[in-house]
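Structure at a glance
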Amino acid sequence: MADIFTLQNLIALATLTALEIVLGIDNIVFIAILTGRLPEESRAKVRRIGLMLAMGMRIVLLLSIFWVMKLTTPLFTILGNEISGKDLVLLVGGAFLIFKATKEIHHKVEGEHEAANASGKKKIATVQSVLFQVVLLDIVFSLDSVITAVGMADAIWVMVTAVMISVGVMMIFAGAISEFVERHPSIKMLALSFLIMIGVLLVADGLDQRFPRGYVYFAMAFSLVVELLNIRAGARKARA
């Protein structure tokens with residue numbers, strides 16, 4: 001036990017847990033936006049299932065760590081860029097995220113109005129279709145998360161524990177985040193823009209073009225703070 005709970009492992013656990021929570025925020029936002037089109041009574045259940053699938057997928061990948069690391073072996077070369085299995089997953093996942101976020105923006109701006117004119121009621125997604133899309137993106141986010149975990153920790157128990165804690169934290173706050181996003185359309189539009197940015201980053205990673213994540217996360221945080229200030233100012237003006 002003394003060899004397991006060393007200071008180095010505990011520091012790695014705390015650091016990796018914090019990083020997994022940060023990396024999981026985009027997953028929560030994506031699930032929140034998808035479940036927002038479900039009947040209200042199904043949203044909480046689907047959010048829980050989506051996050052449980054994300055945790056299960058991460059743990060399975062961690063236990064299959066040698067197979068995961070083989071995904072970094074180059075398979076072929078395109079325009080001087082070596083493409084591995086991981087790169088393919090990132091390219092497909094990034095393209096899907098860009099497509100899905102763009103489609104949701106169009107749906108918010110014009111699609112709902114067109115659908116209402118055509119059928120007289122808002123189109124509601126099915127639980128199966130939402131879960132299928134959640135699983136697709138869980139694969140991409142899980143792969144990125146697991147490879148990050150392998151680079152930061154040596155003990156498998158540290159990686160698995162960090163994943164379980166981070167998903168537990170996400171489950172606690174997923175409902176509040178989803179409700180907040182649904183209540184404020186401007187935040188939902190901002191979140192969709194963030195997802196497009198993350199999709200572009202995933203595609204860039206798949207093409208071995210690395211962009212510092214710190215700058216991107218700072219820009220996202222700054223935009224979010226400005227929008228929260230706008231919402232607060234609007235609420236105060238309405239009360240006045």
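Treat the numbers as computed from the prediction; the structure is a model and nothing was measured.

Some points on the overall build of the chain
A tally of regular secondary structure across the chain gives 8 helices and 2 strands. Secondary structure elements of the chain occur, N-terminal to C-terminal, as α-α-α-β-β-α-α-α-α-α. Taking all 240 residues of the chain together, 41% fall into the buried category. Counting contacts in the chain only where the partners sit at least 6 residues apart, residues at least 24 apart contribute 82% of the total. Accessible surface for the chain amounts to roughly 13300 Å². Of this, 69% is attributable to carbon and sulfur atoms.

With respect to the packing of helix 7 (residues 185–206) against helix 8 (residues 213–239)
The geometry of a pair of packed helices is captured by two quantities: the angle between their axes and the separation between those axes. At a minimum axis separation of 11 Å, helix 7 and helix 8 run at an interaxial angle of 175 degrees. Judged by the angle between their axes, helix 7 and helix 8 are roughly antiparallel. Within the contact between the two elements, helix 7 uses S186, I187, L190, F194, M197, I198, L201 and D205 and helix 8 uses R213, V216, M220, S223, L224, E227, L228 and I231. Tallied by class, the residues present in the contact of helix 7 with helix 8 amount to 11 nonpolar, 2 polar and 3 charged.

Observations concerning a nonpolar patch on the surface
On the surface, a nonpolar cluster with roughly 520 Å² of combined accessible area is contributed by L75, F76, I78, L79 and L88. Tracing the backbone through its elements, the reader meets F76 in strand 1 (residues 74–78). Judged by relative accessible area, which is 36%, F76 ranks as partly exposed.

Section: helix 7
Compared with an ideal rise of 1.5 Å per residue, which puts 22 residues at 32 Å, helix 7 spans 32 Å between its outermost C-alpha atoms and is within 8% of the ideal. A positive backbone phi angle near 60 degrees is found at D208, which sits one or two residues after helix 7.

A few points about the side chain of S166
Note that S166 resides in helix 6 (residues 156–183). Judged by relative accessible area, S166 falls into the buried class, the value being 1%. A polar contact of 2.8 Å, which involves the side chain of S166, links it to the backbone oxygen of V163. Ignoring anything within four residues of it in the chain, the contact list for S166 reads T17, E20 and I21.

Describing the side chain of S84
Its location among the elements puts S84 in strand 2 (residues 81–84). Discounting chain neighbours no more than four positions away, the residues touching S84 are L71, T72, T73, P74 and L75.

Re the pairing of strand 1
Here 4 bridges tie strand 1 to strand 2, and the two strands are oriented antiparallel to one another. Across the sheet, T77 pairs through a bridge with E82, a residue of strand 2. Two successive antiparallel strands, strand 1 and strand 2, enclose a turn made up of 2 residues, where L79 displays a positive phi of approximately 50 degrees.

Remarks on the packing of aromatic side chains
Any two aromatic rings considered together are summarised by their centre-to-centre distance and by the angle between their planes. Applying the stated criterion to the full structure yields 1 aromatic pair. Considering the side-chain rings of F218 and F222, the 6.4 Å spacing of their centres and the 25 degrees angle between planes classify their relative orientation as stacked. Pair noted here: F218 and F222 are both in helix 8, with a separation of 4 residues, about one helical turn. Classification of F218 as exposed rests on a relative accessible area of 60%. Residue F222 is classed as exposed on the basis of its relative accessible area, which comes to 53%.

Description of the nonpolar core
The biggest cluster of nonpolar side chains holds 47 residues, and the ones touching the most others in it are F30, L97, L195 and I198. Looking at this core, the elements that each hand over two or more residues are helix 1 (7–35), helix 2 (40–63), helix 4 (85–119), helix 5 (127–152), helix 6, helix 7 and helix 8. Per-element accounting of this core gives the leading share, 9 residues, to helix 1. If sequence neighbours within four positions are ignored, L195 has contacts with D26, V29, F30, I33, L97 and A101.

Looking at the packing of helix 6 against helix 7
Axis separation between helix 6 and helix 7 bottoms out at 5 Å; the angle between their running directions is 110 degrees. Considering their axes alone, helix 6 and helix 7 lie roughly perpendicular with respect to each other. Contacts between helix 6 and helix 7 involve F180, V181, E182 and R183 from the former and P185, I187 and K188 from the latter. By residue class, the composition of the contact of helix 6 with helix 7 is 4 nonpolar, no polar and 3 charged.

Conventions adopted
- Every chain is numbered on its own, with residues counted from 1 as its sequence reads.
- Where totals are concerned, whole chains, interfaces and linings use all residues; where local detail is concerned, this predicted model gives features only for residues with pLDDT of at least 70, and gives and counts side-chain atom pairs only at 80 or more.
- Each side-chain value is worked out from all heavy atoms of the structure, with water and hydrogens disregarded.
- A run of H or I in DSSP becomes a helix once it reaches four residues, and a run of E becomes a strand once it reaches two; helices and strands are each numbered from the N terminus.
- A simple rule labels every residue: compare its accessible area, found with a 1.4 Å probe on the protein chains alone, to the largest value its type can have, and call it buried under 20%, exposed over 50%, or partly exposed in between.
- By definition, residues are in contact when any of their heavy atoms lie within 4.5 Å.
- We get accessible surface area from the Shrake-Rupley algorithm with a probe of 1.4 Å; when it comes to residues, only the shown protein chains can shield them.
- To get an axis, a line is fitted to the C-alpha atoms, and for a helix only the part in contact is used. The angle between two axes follows their N-to-C directions and goes from 0 to 180 degrees.
- With respect to orientation, any angle under 35 degrees is reported as roughly parallel, any angle over 145 as roughly antiparallel, any angle of 65 to 115 as roughly perpendicular, and every other angle as oblique.
- Polar here means any residue other than Ala, Val, Leu, Ile, Met, Phe, Trp, Tyr, Cys and Pro, which are nonpolar, and Asp, Glu, Lys and Arg, which are charged; Gly is therefore polar.
- Like charges within 9 Å and nonpolar side chains (Val, Leu, Ile, Met, Phe, Trp, Tyr) within 5 Å are joined into patches, using only residues over 30% in relative accessible area that form no salt bridge.
- One speaks of a salt bridge when a side-chain nitrogen belonging to Lys or Arg is within 4 Å of a carboxyl oxygen belonging to Asp or Glu.
- Helix span, as expected, comes to 1.5 Å for every residue beyond the first.
- Under the rule applied, a polar contact is a pair of N or O atoms within 3.5 Å (in protein, one hydrogen donor and one hydrogen acceptor; residues adjacent in sequence only if both atoms are side-chain atoms).
- Pairs of strands are assigned from DSSP output, requiring at least two bridges between the strands.
- Ring geometry is summarised as follows: Phe, Tyr and Trp rings, the Trp one being its six-membered ring, pair when their centres sit within 6.5 Å, and such pairs are stacked at plane angles under 30 degrees, edge-to-face over 60 and tilted between the two.
- Residues enter a nonpolar core if they are buried and are Ala, Val, Leu, Ile, Met, Phe, Trp, Tyr or Cys, with the set joined through side-chain atoms within 4.5 Å.

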